[in-house]
Amino acid sequence: MAARPLSPHLSVYRFAYTMALSILHRITGVALAAGLIVLVCWLMAIAGGEAAYARFTAVMGQGLLQVVLAGWLLAFLYHFANGIRHLFWDAGYGFEKAQARRSAAIVVAFAVVAGGVLLYLFFCPEGVRS
Amino acid sequence: MAEFLLPLGSRVNKNGKTHKAPEGATKVRKFRIYRFDPDSGANPRIDTYEVDMAACGPMVLDALIKIKNEIDPTLAFRRSCREGICGSCAMNIDGVNTLACTKACEEVASSDVKIYPLPHMPVIKDLVPDLTQFYAQYAAVKPWLSTRSTAPPDSERLQSKEDQEKIDGPSACILCACCSTSCPSYWWNSDRYLGPAALLAAYRWIIDSRDESTGERLDALEDPFRLYRCHTIMNCAEACPKDLNPAKAIGELKQMMAERQH
């Protein structure tokens, strides 16, 4: 008799909001932890004086790194909102299916809207904004 | 450690046999079903069965029985009560774990009905998974009344209506394994994480007013893996064919754990 195969899992299970939000929480958490290195560099640049700070902002001002920073902002907003969702669960609230679906929608909407507003404020050229 | 890809011997060959619908069939629907033959040792494959829905009952289980009776007697699956109370026919239908007997073919939105065994389980044959470990995990939570006091000599151990209602929900679990095998955390850690079904059973005895081993039961769950691999993904509650909520029960268990710390 042949060894028993393992039945398919990720490849067949319908990717629902439940799994999507859960894995996104973990991915954004890892991204935020990695991003702390940049934050530390920024603080060190401030401590290092004017020249060091100018060098740091010049490096971070490059297009690609700006995109990374924008992604980091979105990751923070999502992880922050979903973290509060987890706090509610830890306190015993929001376990009903309808509640969990609603809180999922709120978390995603918050990350998208707040992210959009902040990115607009950060990246929109001065002239266009006023 | 999580292994996201199937082992080589478990990879599924998508091009299995196709069984054509009989002449004169009016309402043909394709059922694409996972097949594994333990005698041949070949990799699992997907066989396609064209079923005339005009001559078939409404449920997915009706179609499976029709296939076994009329098209291919080698197809293996578990079934018994055909009314959602025995939990035998749990399988992955159209990407979600549910009972074949209570899932109507018309509810399946995709044009073809795709049927796989419960996910991330050792497969004995076709749609029949090996549930040995799942049952062992259920047994591990000691799913019986545990008391220290002497039983009343002339009556049962009684409880109030309110206390009974607390356990009505979790007592309705039929151990079909839809929840545990829908849980990614259980997929990656089923050797150490008890999974939603066993934890729901643990919860059912912990909140039972007649049970006198609450402390010991919580002690047994005080472990980084057994209980705390639940990350509130909520797949279990979405999958449960009895509309129970293991995630909520596990959340309450975590709270009880926290509360008894001080």
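Residues numbered from 1 in each chain as written. Chains lettered and ligands numbered in written order. Predicted model: local features only at pLDDT ≥ 70, side-chain atom pairs only at ≥ 80, totals over all residues. Heavy atoms only, no water.

*Asks:* How would you explain the overall build of chain A if you had to name every residue and give the values?
*Replies:* If you tally the helices and strands in chain A, you get five helices and zero strands. Scanning chain A from its N terminus toward the C terminus, one meets helices and strands in the order α-α-α-α-α. Over its C-alpha atoms chain A spans a radius of gyration of 20 Å, topping by over 25% the 14 Å that the globule rule assigns to 130 residues. Summarising its shape, the C-alpha atoms of chain A cover approximately 70 × 40 × 30 Å along the three principal directions. Going through the 130 residues of chain A one by one, you find that 27% of them count as buried. Contacts in chain A between residues far apart in sequence, at least 24 positions, make up 68% of those at least 6 positions apart. Surface exposure of chain A reaches about 8,100 Å², of which carbon and sulfur atoms provide 74%. (Helix = DSSP H or I, 4+ residues; strand = E, 2+ residues; numbered from the N terminus. Rg over C-alpha atoms; globule rule 2.2 N^0.38 Å. Buried < 20%, exposed > 50% of the residue type's maximum accessible area, 1.4 Å probe, protein only. Contact = heavy atoms within 4.5 Å. Areas by Shrake-Rupley, 256 points an atom, 1.4 Å probe, with all protein chains shown as cover.)

*Asks:* Break down the overall build of chain B for me, with residues and values.
*Replies:* Counting its secondary structure elements, chain B contains eight helices and eight strands. When its C-alpha atoms are laid out on the principal axes, chain B stretches across 70 × 45 × 30 Å. Residue burial in chain B is summarised as follows: out of 262 residues, 50% are buried. For chain B, restricting intrachain contacts to residue pairs at least 6 apart in sequence, the fraction spanning at least 24 positions comes to 65%. Put simply, chain B shows about 12,500 Å² of open surface, and 52% of that area lies on carbon and sulfur atoms. For chain B, the distance from the average site of its 33 positive side-chain charges to the average site of its 35 negative ones is 4 Å. (Lys, Arg positive; Asp, Glu negative; His and termini not counted. Charge placed at Lys NZ, Arg CZ, Asp CG, Glu CD.)

*Asks:* Which residues make up the packing of helix α3 (residues 63–90) of chain A against helix α4 (residues 97–123) of chain A, and what values go with them?
*Replies:* Residues and elements named next belong to chain A. Relative to each other, α3 and α4 sit at 150 degrees, their axes nearing to 9 Å. With respect to their mutual orientation, α3 and α4 come out roughly antiparallel. α3 and α4 meet at a crossing whose hand is right-handed. For the pair α3 and α4, the contacting residues are Gln-66, Ala-70, Leu-73, Leu-74, Leu-77, Tyr-78, Phe-80, Ala-81, Asn-82, Arg-85 and Trp-89 in the first and Ala-100, Ser-103, Ala-104, Val-107, Phe-110, Ala-111, Ala-114, Gly-115, Leu-118, Leu-119, Phe-122 and Phe-123 in the second. Among the residues making up the contact of α3 with α4, the classes are represented as 18 nonpolar, four polar and one charged. (Axes fitted to C-alpha atoms, helices over the stretch in contact; angles between N-to-C directions. Parallel < 35°, antiparallel > 145°, perpendicular 65-115°, else oblique. Left-handed = near helix turned anticlockwise from the far one by under 90°. Nonpolar A, V, L, I, M, F, W, Y, C, P; charged D, E, K, R; others polar.)

*Asks:* Tell me about the packing of aromatic side chains, residues and numbers included.
*Replies:* The geometry of an aromatic ring pair is captured by the separation of the ring centres together with the interplanar angle, meaning the angle of the planes. Taken as a whole and judged by the stated rule, the model has eight aromatic pairs over all chains. Plain terms: the ring middles of A:Phe76 and A:Phe80 are 5.8 Å apart, the flat faces sit at 15 degrees to each other, and that makes the pair stacked. With A:Phe76 and A:Phe80 both in helix α3 and four residues apart, this pair spans about one turn of that helix. A:Phe76 gets classed as partly exposed once you look at its relative accessible area, which sits at 43%. Directly above the aromatic system of B:Trp205 lies the positively charged group of B:Arg204, at a separation of 3.7 Å from the ring centroid. Over the ring of B:Phe225 we find B:Arg229; its NZ or CZ atom is 4.3 Å from the centre of that ring. (Phe/Tyr/Trp six-rings, centres within 6.5 Å; stacked < 30°, edge-to-face > 60°. Lys NZ or Arg CZ within 6 Å of the ring centre and 35° of its normal.)

*Asks:* Provide a residue-level description of the domain arrangement of chain B, including the pertinent values.
*Replies:* All names here are of chain B. Domain boundaries in chain B define domain 1 (3–129) and domain 2 (132–260). Taking the mean C-alpha position of each, domain 1 and domain 2 sit 31 Å from one another. If you look at the interface, domain 1 gives 14 residues, while domain 2 gives twelve residues. Of the roughly 1,100 Å² buried where domain 1 meets domain 2, counting both sides, 67% is carbon and sulfur surface. One can count zero salt bridges joining domain 1 with domain 2. Here domain 1 is connected to domain 2 by four residue pairs in polar contact (both at pLDDT 80 or more). Among the elements that line the side of domain 1 that touches domain 2, the one with the most residues is strand β5 (residues 96–99), at three residues. Among the residues making up the side of domain 1 that touches domain 2, the classes are represented as eight nonpolar, five polar and one charged. (Domains from an automatic or database assignment. Buried area = accessible area lost by both parts, 1.4 Å probe. Salt bridge = Lys/Arg side-chain N within 4 Å of Asp/Glu carboxyl O. Polar contact = N/O pair within 3.5 Å; in protein donor to acceptor, adjacent residues only side chain to side chain.)

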